[in-house]
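# Architecture at a glance
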Amino acid sequence: MVKLTFVQADGTEHQVDATLGLSVMQVALSQGVPGISAECNGSAACATCHVYFDASVFDLLPAVQTHEDDMLDFAASDRNPGSRLSCQVQVTEAIAGTRIQLPDLQ
Ligand code: FES
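A few points on the structure.

About the criteria used
Residues numbered from 1 in each chain as written. Predicted model: local features only at pLDDT ≥ 70, side-chain atom pairs only at ≥ 80, totals over all residues. Heavy atoms only, no water. Core = buried A, V, L, I, M, F, W, Y, C linked by side-chain atoms within 4.5 Å. Buried < 20%, exposed > 50% of the residue type's maximum accessible area, 1.4 Å probe, protein only. Helix = DSSP H or I, 4+ residues; strand = E, 2+ residues; numbered from the N terminus. Contact = heavy atoms within 4.5 Å. Pairing = 2+ DSSP bridges.

A word on the nonpolar core. Counting residues in hydrophobic clusters, the biggest one holds 29 residues, and the most contacted among them are Leu4, Phe6, Val24, Ile36, Phe53 and Leu85. Where this core is concerned, the elements lending two or more residues are strand E1 (2-7), strand E2 (13-18), helix H1 (24-30), strand E3 (50-53) and helix H2 (66-72). The element best represented in this core is H1, accounting for four residues. Apart from residues lying up to four places away in sequence, Ile36 is in contact with Met25, Ala28, Leu29, Thr48, Cys49, Val51, Ser86, Leu102 and Gln106.

Note on placement: Ala75 falls in the loop between H2 and strand E4 (83-85). With a relative accessible area of 15%, Ala75 lands in the buried category. Setting aside its immediate chain neighbours within four residues, Ala75 contacts Ala47 and His50.

So, on to unusual backbone geometry. A positive phi is found at Asn41, a non-glycine position, where the angle reads about 65 degrees. Following the sequence through the fold, Asn41 ends up in the loop between H1 and E3. Overall, Asn41 belongs to the exposed group, its relative accessible area being 64%. Look at Ala44: it is not a glycine, yet its phi comes out positive at around 60 degrees. Note on placement: Ala44 falls in the loop between H1 and E3. Owing to a relative accessible area of 8%, Ala44 belongs among the buried residues under this scheme.

This part covers the side chain of Ser86. Inspection of the secondary structure puts Ser86 in the loop between E4 and strand E5 (99-101). We classify Ser86 as buried; its relative accessible area is 0%. Excluding residues within four positions of it along the chain, Ser86 makes contact with Ser23, Val24, Met25, Ile36, Cys49 and Val51.

In terms of strand pairing, E1 meets E2 through six bridges, oriented antiparallel. Looking across to E2, one finds that Val7 is bridged to Glu13. Linking E1 to E2, which pair antiparallel, is a turn of five residues; within it Gly11 sits at a positive phi near 95 degrees.

Here's what the structure looks like:
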């Protein structure tokens with residue numbers, strides 16, 4: 001279990017206990033964090049689980065695969081270098097304490 005902090009677009013923070021091995025999307029949904037829809041339930045086919053990771057953890061995340069890269073182009077909010085589909089990023093010890101910014105829209 002590690003701590004993650006989700007930050008809403010309005011600045012509201014939700015610190016949660018995240019189970020190792022779950023996706024960041026699964027953690028957000030299971031902990032009642034608003035702002036992630038996850039309409040495809042983690043199949044990397046909807047981009048409604050878009051989040052922004054801080055640059056400090058980019059190298060600690062799994063590489064963006066082609067299908068994720070393609071879907072991020074369809075995200076409702078602007079894509080930036082920290083953009084990821086949260087269903088494609090697993091919780092690991094390496095990202096313990098990370099702050100994850102949620103976009104305005106999904
Ligand atoms: S839940 Fe649909 S792309 Fe992540």
